[in-house]
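Structural characterization, general
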Amino acid sequence: MNRTVSDTAPLPAPLAPRERFLSLDVFRGLTILLMIVVNTAGPGAESYRQLKHAPWFGFTLADLVFPSFLFAVGTAMSFSLRRDAPAGPFLRQVARRGALMFLLGFLMYWYPFVAAAPDGGWAIKPLADTRIPGVLQRIALCYVAAAIAIRWLDVRGLVLLSAALLIGYWLVLTGLSGPGLAYDKMGNAGTRLDLWLIGPRHLYRRDHGFDPEGLLGTMPAIVNVLGGYLAGRFVRLRGKTRRTVAGLALAGAGLVALSALWARWMPIAKKLWTGSYVLLTIGLALIALAALVEMVERRGWRRGTRIFTIPGRNPLAIYLFSELFVMTLALIPVGPDMHVYEWVGIAMFQQIAPGPAGSLMCAVAYTALCWLFAWMLDRRGLILRV
C-alpha cells in the first residue's frame, strides 16, 4: 500500500494541462462494482440471465464487465503514461508493474496456499496444480503490450495495430485450428496452444482444459486497452464539449454496427474474445462514457457519484479483496456440507426473496461490504500501487 494516489497506469503525464474528468472515475468505479456483483452471485438459486456469462456464443451484461475494466485501464493510461520518457526507464517501469500484477493474479489462485492433507493435517498446495492464466494476468499482459505500443506509435499507428491484432487473431483461429474447429471449445488454436504450452493442470478446471483467459485470446484483448487509451486521449484533448460527447457516441455506435456485421463470419463470444466481441464491447463502453461525460461533466450531476469514485480510485485493491474474502468465507464450514457464504445466501437471502432476486440481493450485499473496504482505504489515503 502507498499513500500516493495512483491509477493502474505508470508515470505522471502530459498530453495537455491536467483537467480532472470525474466521469472517468465514475466509469471505472461502476465497472469494478458490477464485476463484483457478477463474480459473487448468491448461492441457492440461479442468477438472472444478464448477470451470467453467455455459455459460448451470445452476449449478456456480465460479458461487458471484463472488457470494460480493460477499457478503463486504457483511459487511465491516457492521463498518466509518459510517451516522452526515456526508453530504458520506461520499459523497466512497465515490465516491473506488469510482472507484479501477473504475480498477484497467480498468488490469488494459489490462495489459501494450504489444503487439507489425507492424514487430517495441512499441506502446502502444490504449485503444479495452480492456474497460471487469469483475470489479473490478462490485464498485466495487455497493459504491458499496450504501453509499449502507445510509447512508440501515434494515433494512426495504434488504430492500424488494433486492426492487425483483430484480423490476425481471426486468421490464426480459422487457419491453425482443426477443420471446422475454429470456434470449438477444445479444438480451436488457442486451446491447443494452452494445453501444449501451459498444460491442463495449470488451466481453468471447470471447462475441462479450456481457459477463458488463455494466451491467444490476450491478443485481441489488447485492443480493448488501446480503445480505452484512444477514448481517454480524445476526451482530454477535446475537453468537456458537446462535440466530445457526440464523437464518443458516434464512434461507439459505429463499432457496434461493425461488430454486428463481422459477427456473420466471426461470432460474438466472450470466452474466445472474438474480434466482433471486442468491437461490440468497445462500442458500448464508448456510448456509456459519452453518457457519463454528458451527465457528469456537462450537466454537473454530482449527487451519488462518490458511490463509484471511491472504488474507482482503488480498483486493483478492491478486486483483490472481493476475490480473496469470498474465498476465505468459502473455507469456513457451517455444518457438514455448507460454508459461510452458502449459508448467508441460502439461509438468509433465499428466505427473504427466493430465486434470482435473492441471489442478486446477496451479491449486492457482498458488493456493499467491498465498498466499505474501499471507503476505509480512501479515508486513509491508501492506494494499492504496482
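Residues numbered from 1 in each chain as written. Predicted model: local features only at pLDDT ≥ 70, side-chain atom pairs only at ≥ 80, totals over all residues. Heavy atoms only, no water.

**Points about the overall build of the protein**
Across its full length, the protein carries 13 helices and two strands. In terms of C-alpha radius of gyration, the protein reaches 21 Å, essentially the compact-globule figure of 21 Å for 386 residues. For the protein, the spread of C-alpha atoms along the three principal axes comes to 60 × 55 × 45 Å. When burial is assessed residue by residue, the protein has 51% of its 386 residues classed as buried. Restricting the contact set of the protein to residue pairs at least 6 apart, pairs at least 24 apart contribute 75%. With an accessible surface of roughly 17,700 Å², the protein has 67% of that area assigned to carbon and sulfur atoms. (Helix = DSSP H or I, 4+ residues; strand = E, 2+ residues; numbered from the N terminus. Rg over C-alpha atoms; globule rule 2.2 N^0.38 Å. Buried < 20%, exposed > 50% of the residue type's maximum accessible area, 1.4 Å probe, protein only. Contact = heavy atoms within 4.5 Å. Areas by Shrake-Rupley, 256 points an atom, 1.4 Å probe, with all protein chains shown as cover.)

**Examining the packing of helix 8 (residues 242–262) against helix 9 (residues 275–298)**
Describing two packed helices takes the angle between their axes plus the distance from one axis to the other. Where helix 8 meets helix 9, the closest approach of the two axes is 7 Å, and the angle between their N-to-C directions is 160 degrees. Between helix 8 and helix 9, the crossing angle belongs to the class labelled roughly antiparallel. Our pair here, helix 8 against helix 9, has a crossing hand that is left-handed. (Axes fitted to C-alpha atoms, helices over the stretch in contact; angles between N-to-C directions. Parallel < 35°, antiparallel > 145°, perpendicular 65-115°, else oblique. Left-handed = near helix turned anticlockwise from the far one by under 90°.)

**What to know about the side chain of Glu 294**
With respect to the secondary-structure elements, Glu 294 resides in helix 9. There is a polar contact of 2.9 Å between the side chain of Glu 294 and the side chain of Arg 298. Apart from the residues within four sequence positions on either side, Glu 294 is in contact with Val 245 and Arg 299. (Polar contact = N/O pair within 3.5 Å; in protein donor to acceptor, adjacent residues only side chain to side chain.)

**Side note on the nonpolar core**
In this structure, Leu 70, Phe 71, Met 77, Ile 139, Leu 248 and Leu 289 are the most contacted members of the largest nonpolar core, which totals 94 residues. If you tally residues by element for this core, the top one is helix 9, at 12 residues. The residues touching Phe 71, leaving out its near neighbours within four places in the chain, are Phe 27, Asn 224, Gly 227, Gly 228, Ala 231, Ile 282, Ala 285, Leu 286 and Leu 289. (Core = buried A, V, L, I, M, F, W, Y, C linked by side-chain atoms within 4.5 Å.)

**Thoughts on helix 6 (residues 189–197)**
Those residues of helix 6 lying buried are Ala 189, Gly 190, Thr 191 and Asp 194. Taken together, the buried residues of helix 6 touch helix 5 (155–176). One side-chain oxygen of the residue at the start of helix 6 lies 2.8 Å from the amide nitrogen of Gly 190, identifying that residue as Asn 188. Following helix 6 by one or two positions, Gly 199 has its phi on the positive side, about 95 degrees.

**A word on the pattern of salt bridges**
Once the charged atoms of two side chains with opposite charge are near each other, the side chains can pair. The final tally for this structure, using the stated rule, is 12 salt bridges. The closest approach of N and O atoms between Lys 52 and Glu 46, which form a salt bridge, is 2.8 Å. Owing to a relative accessible area of 32%, Lys 52 belongs among the partly exposed residues under this scheme. A salt bridge links Asp 211 to Arg 131; the nearest nitrogen and oxygen atoms lie 2.7 Å apart. Of this pair, Asp 211 sits in the loop between helix 6 and helix 7 (218–238) while Arg 131 is found in the loop between strand 2 (122–124) and helix 4 (135–152), placing the two residues 80 residues apart along the sequence. You'll find Asp 211 and Arg 131 in the same group, each marked buried. (Salt bridge = Lys/Arg side-chain N within 4 Å of Asp/Glu carboxyl O.)

**Some remarks on the packing of helix 1 (residues 22–39) against helix 11 (residues 315–329)**
Interaxial distance between helix 1 and helix 11 falls to 10 Å at its minimum, and their mutual angle equals 10 degrees. Between helix 1 and helix 11, the interaxial angle falls into the category roughly parallel. Residue-level inspection shows Arg 28, Ile 32, Met 35, Ile 36 and Asn 39 of helix 1 in contact with helix 11, the latter providing Pro 315, Ile 318, Tyr 319, Ser 322 and Glu 323.

**Points about the state of the cysteines**
For the structure on display, the rule yields zero disulfides. Here Cys 370 is not cross-linked by a disulfide; its sulfur's nearest cysteine counterpart is in Cys 362, at 11 Å. (Disulfide = S-S within 2.5 Å.)

**Some remarks on helix 3 (residues 87–110)**
Across its 24 residues, helix 3 extends 34 Å between first and last C-alpha, which sits within 8% of the 34 Å expected from 1.5 Å per residue. Every buried residue of helix 3 is listed here: Phe 90, Gln 93, Val 94, Arg 97, Gly 98, Met 101, Gly 105, Phe 106, Met 108 and Trp 110. Those residues of helix 3 that are buried are in contact with strand 2, helix 4 and helix 11. (Expected span 1.5 Å × (residues − 1).)

**Considering the environment of Leu 203**
Mapped onto the elements of the fold, Leu 203 is located in the loop between helix 6 and helix 7. Relative accessible area serves as the criterion here: at 1%, Leu 203 is assigned to the buried category. C-alpha separation for the pair Leu 203 and Gly 134, spaced 69 residues apart in sequence, amounts to 8.9 Å. Those residues within four positions of Leu 203 in sequence are excluded, and the remaining contacts are Arg 131, Pro 133, Asp 194, Leu 195, Ile 198, Gly 209 and Asp 211.

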